[in-house]
Amino acid sequence: MNAEIIAVGSELLLGQIANTNAQFLSQQLAALGINVYFHTVVGDNAGRLEQAVKTAQTRANLIIFTGGLGPTKDDLTKETISRLLGRRLVIDEEALREIEAYFVRTNRPMTENNKKQALVLEGSTVLKNEHGMAPGMALTIDGITYMLLPGPPKEMQPMFTKYGSAFLRRTFSLSERIESRVLRFFGIGESALETAIADLIDAQSNPTIAPLANDSEVTLRLTAKHRDEEEAKRLLDEVEAAILARVGRYCYGYNDETLFTKTLERLKERGWTIASAESLTGGLFLEQLTSIPGASQVAKGGVICYTNGVKEEVLGVPRLLLEAEGAVSEPCARLLAENVRTMCNADVGISFTGVAGPDPLEGHPPGTVYVGIAIRGRDTTVHRLTLSGTRDAIRVRTAKYGCFFLLEMLATGR
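The shown structure was predicted, so the numbers you read here are calculated from the model rather than taken from an experiment.

## So, the overall build of the protein
Alright, step 1. In terms of helices and strands, the protein carries 15 helices and 17 strands.
Alright, step 2. The C-alpha radius of gyration computed for the protein amounts to 28 Å, which surpasses the reference 22 Å derived for 414 residues by more than 25%, pointing to a less compact arrangement than a globule.
Alright, step 3. Its C-alpha atoms give the protein principal-axis dimensions of roughly 85 × 55 × 40 Å.
Alright, step 4. Counting over 414 residues, the protein shows a buried share of 48%.
Alright, step 5. A total accessible area of about 19,400 Å² is found for the protein, and carbon and sulfur atoms account for 49% of it.
Alright, step 6. Each charge sign in the protein was given a centre, from 45 positive and 50 negative side chains, and these centres are 3 Å apart.

So this is what it looks like as structure tokens:
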């Protein structure tokens, strides 16, 4: 099965909204074992939409449309498909009753154009819209299956999950399963990671290995196909073990986990609390941590010590040390971590000091960073980093490195 997704809506081309529907559908179709080779976006123009459909017909046997099923004149998807396929549009009585009932419930007058939303292609399987008004529809003509879905994600996603995927399973007798697993890496670049596993990537067939770099991290998506779900998972386990044998020290989690959710999870497991002293990150570390539900069990508090005055007067870093070594130094990072831990009576103190840029500071170029970690009952550790990128990128990467170093220490007991 080769699929193409056609998103209809001028707002997509204007950049007013992102095409999250294509992302969602690609994920869902992959799980069904259906290949998606093309994403197309076309505006609210019948001629251009017709041209896009004719192109898709030459290269796909499943074409899924999102958008253009509403009541207004610029909602023209089903009218265009009707004309192109030579199928009449007919009123779906159940959909019409639901639309009329909606206006009664909301005590609003129903304008005539809303009846348009109840139109479906004659002979199609109607996909019920339980979160909106316009139903979806699907039919197969001359070996090509067409599925029309509404544009709003809150309507489209549940419709596809409940009705669209079931239609595809029935229509194509889908039995082969696709199982995916994402390995998340930090502290190693994409090129270095690919070099380390180059032979595994070259030899891939089933499972496949797809690297992706994003936000200073690297992910590997492993995808296995098999009729038996357990066998697909076994294939994934096999290739994952081969990858981790080489670069396992950089792998911190799976799928939707982040460095911050993983850090919170590990601290919770130990029953530990944490406090932060943040200079160049300006509270970014603690903000990210406390945005996660359940953070109150772990986060005790912190100090944004952006100036030397706050480092000295609030966190007790001696003026002589600041004058002799500077705020951007290993001794300063050490004391910040230790003192914020003591001040907040936390199990872990973490500090961030350095130069985010764009200008040098204390003779240090932008990207010079120190991360200190003080754990109750252990020697304090300070890591020196030399980072590149924009000011914001350096700040974000610094906070992430704090998580990464802490996770290493929690894993090894150092």
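Structure shown, so let's carry the discussion forward.
## Considerations on the nonpolar core
Alright, step 1. F185, I209, L220, I243, I274, F285 and I373 are the most contacted members of the largest nonpolar core, which has 55 residues in total.
Alright, step 2. The element best represented in this core is helix α15 (residues 391–412), accounting for 10 residues.
Alright, step 3. Domain assignment of the residues forming this core places at least three in each of domain 2 (177–254) and domain 3 (259–411).
Alright, step 4. Among residues more than four places away in sequence, those in contact with L220 are R181, V182, L183, F185, L193, I197, I209, A210, P211 and I243.

## Some thoughts on the sheet that holds strand β17 (residues 381–386)
Alright, step 1. The strand order across the open sheet built from 5 strands is β14-β13-β15-β16-β17, with neighbouring strands paired in mixed fashion. Both edges of this open sheet fall to β14 (299–304) and β17, since each of them pairs with a single strand only. Going across the sheet, the axis of each strand differs from the next one's by a mean of 15 degrees, ignoring polarity.
Alright, step 2. Where strand β15 (residues 348–354) meets strand β16 (residues 368–375), 7 bridges bridge the pair, whose relative direction is antiparallel. Across the sheet, I350 pairs through a bridge with I373, a residue of β16.
Alright, step 3. Against the sheet, α15 engages β13 (274–278), β15, β16 and β17, with an angle of about 35 degrees to β16.

## Details of the environment of T80
Alright, step 1. One can find T80 in helix α4 (residues 77–85).
Alright, step 2. Accessibility expressed as a relative area gives 1% for T80, which makes it buried.
Alright, step 3. Ignoring any residue separated from it by four or fewer positions in sequence, one finds T80 in contact with A46, L49 and E50.
Alright, step 4. Polar contacts involving the side chain of T80 include one to the main-chain carbonyl oxygen of L76, which spans 2.8 Å.

## Considering the packing of aromatic side chains
Alright, step 1. With the rule as written, the count across this model stands at 7 aromatic pairs.
Alright, step 2. In textbook terms, an aromatic cluster arises when at least three aromatic residues are bridged by ring pairs, as seen for F186, Y401, F404 and F405.
Alright, step 3. The cationic tip of R59 hangs over the ring face of F38; the distance from NZ or CZ to the ring centre is 3.7 Å.
Alright, step 4. The ring of W272 carries R270 above its face, with NZ or CZ at 5.0 Å from the centroid.

## Comments concerning helix α10 (residues 259–270)
Each α-helix turn comprises 3.6 residues. Residues three or four places apart therefore point the same way.
Alright, step 1. A rise of 1.5 Å per residue sets the reference length of α10, with its 12 residues, at 16 Å; its end C-alpha atoms lie 17 Å apart and thus fit the reference within 8%.
Alright, step 2. All buried positions along α10 are accounted for by L259, F260, K262, T263, L264 and L267.
Alright, step 3. Packed against the buried residues of α10 are β11 (217–226), β12 (251–254), β13, α11 (284–290), β15 and α15.
Alright, step 4. Once α10 ends, the next one or two residues include G271, with phi positive near 70 degrees.

## Thoughts on the layout of surface pockets
Alright, step 1. Roughly 900 Å³ of volume is contained in the largest pocket.
Alright, step 2. If you go around the largest pocket, you meet 28 residues; those closest to its centre are Q27, S180, V182, R221 and T223.
Alright, step 3. Counting residues domain by domain, the lining of the largest pocket receives three or more from each of domain 1 (2–172) and domain 2 (177–254).
Alright, step 4. Taken as a whole, the second largest pocket spans an internal volume of roughly 380 Å³.
Alright, step 5. If you trace the second largest pocket, you find 28 residues lining it, with E11, G67, G68, G151 and P152 closest to the centre.

## As for the sheet that holds strand β10 (residues 208–214)
Alright, step 1. Taken together, the 4 strands give an open sheet; going across it, the order is β10-β11-β9-β12, and neighbouring strands pair in antiparallel fashion. The two strands at the open ends of the sheet, each matched to only one other strand, are β10 and β12. The mean angle between the axes of side-by-side strands here comes to 25 degrees, regardless of whether they run parallel or antiparallel.
Alright, step 2. In terms of strand pairing, strand β9 (residues 177–185) meets β12 through 3 bridges, oriented antiparallel. The residue bridging F185 from the neighbouring strand is C251, located in β12.

## Structural notes on the pattern of salt bridges
Alright, step 1. Applying the stated criterion across every chain yields a total of 24 salt bridges.
Alright, step 2. The partner of E312 in a salt bridge is R319, with the nearest N and O atoms 3.4 Å apart.
Alright, step 3. Residues joined by salt bridges that share partners form a network here, namely E257, K262, E265, R266 and E269.

## A closer look at the environment of E269
Alright, step 1. Along the polypeptide, E269 turns up in helix α10.
Alright, step 2. Separated by 119 residues in sequence, E269 and P150 place their C-alpha atoms 44 Å apart.
Alright, step 3. Within the local environment of E269, its side chain forms a polar contact with the side chain of R266, the two groups lying 3.0 Å apart.

## Observations regarding the packing of helix α2 (residues 20–31) against helix α6 (residues 153–172)
Alright, step 1. For the pair α2 and α6, interaxial distance at closest approach is 11 Å and the crossing angle is 25 degrees. On the basis of their axis angle, the class for α2 and α6 is roughly parallel. Crossing geometry of α2 relative to α6 is assigned as right-handed. Taken together, the residues of α6 that come into contact with α2 (itself represented by T20, N21, F24, L25, Q28 and L29) are P153, M156, Q157, F160, T161 and L168.
Alright, step 2. A per-class count over the contact of α2 with α6 returns 7 nonpolar, 5 polar and no charged.

Reading the values: the criteria
The residue numbering used here restarts from 1 in each chain and proceeds along that chain's sequence as written. pLDDT decides what is reported in this predicted model: residues at 70 or higher carry local features, side-chain atom pairs at 80 or more are listed and counted, and totals for whole chains, interfaces and linings draw on all residues regardless. Note that water and hydrogens are dropped before the side-chain values are worked out from all heavy atoms of the structure. Here a strand is any run of E in DSSP of at least two residues, a helix any run of H or I of at least four, and the numbering for each starts at the N terminus. Atoms considered for the radius of gyration are the C-alpha atoms alone. The globule rule reads 2.2 Å times the number of residues to the power 0.38. For every residue, the accessible area (1.4 Å probe, protein chains only) is compared with the maximum for its type, and the residue is labelled buried under 20%, exposed over 50%, or partly exposed between those bounds. For the area figures, the Shrake-Rupley method with a 1.4 Å probe applies, and any residue is considered shielded solely by the protein chains shown. Lys and Arg are tallied as positive, Asp and Glu as negative. Neither His nor the chain termini are counted. A charge is said to be at NZ when it belongs to Lys, at CZ for Arg, at CG for Asp and at CD for Glu. To form a nonpolar core, buried Ala, Val, Leu, Ile, Met, Phe, Trp, Tyr and Cys residues must be joined to one another through side-chain atoms within 4.5 Å. These domain limits were set by an automatic method or by a database of domain assignments. Residues are treated as being in contact if the distance between any of their heavy atoms lies within 4.5 Å. For two strands to be treated as a pair, DSSP must find no fewer than two bridges joining them. To obtain an axis, a line is fitted to C-alpha atoms, over the contacting stretch when the element is a helix, and the angle between two such axes runs from 0 to 180 degrees between their N-to-C directions. Within 3.5 Å is the distance limit for a polar contact, defined as a pair of N or O atoms, with the added protein rule that one can donate a hydrogen and the other accept it, and that residues adjacent in sequence qualify only through two side-chain atoms. Planes of paired rings set the category: under 30 degrees apart is stacked, over 60 is edge-to-face and the rest tilted, where pairs are Phe, Tyr or Trp rings (Trp by its six-membered ring) whose centres lie within 6.5 Å. Lysine and arginine charges are scored as sitting over a ring when NZ or CZ, respectively, is within 6 Å of the ring centre and within 35 degrees of the ring normal. What a helix is expected to span follows from its residue count: subtract one and scale by 1.5 Å. Any residue with an atom within 4 Å of a point lines the site, the site being either a cavity, points on a 1 Å grid over the protein atoms alone where a 1.4 Å probe fits but cannot get out, or a pocket, an open set with protein on both sides within 12 Å along at least 5 of 7 lines. Grid points are joined across faces, edges and corners, and a volume is the space filled by probe spheres set on the points. Think of a salt bridge as a Lys or Arg side-chain nitrogen and an Asp or Glu carboxyl oxygen that are within 4 Å of each other. Any angle that is under 35 degrees is reported as roughly parallel, and any over 145 degrees as roughly antiparallel; angles of 65 to 115 degrees are reported as roughly perpendicular and all others as oblique. Whether a crossing is left-handed or right-handed is set by the direction in which the near helix is turned from the far one by less than a right angle, anticlockwise for left-handed and clockwise for right-handed. Each residue gets one of three labels, nonpolar for Ala, Val, Leu, Ile, Met, Phe, Trp, Tyr, Cys and Pro, charged for Asp, Glu, Lys and Arg, and polar for the others, Gly among them.

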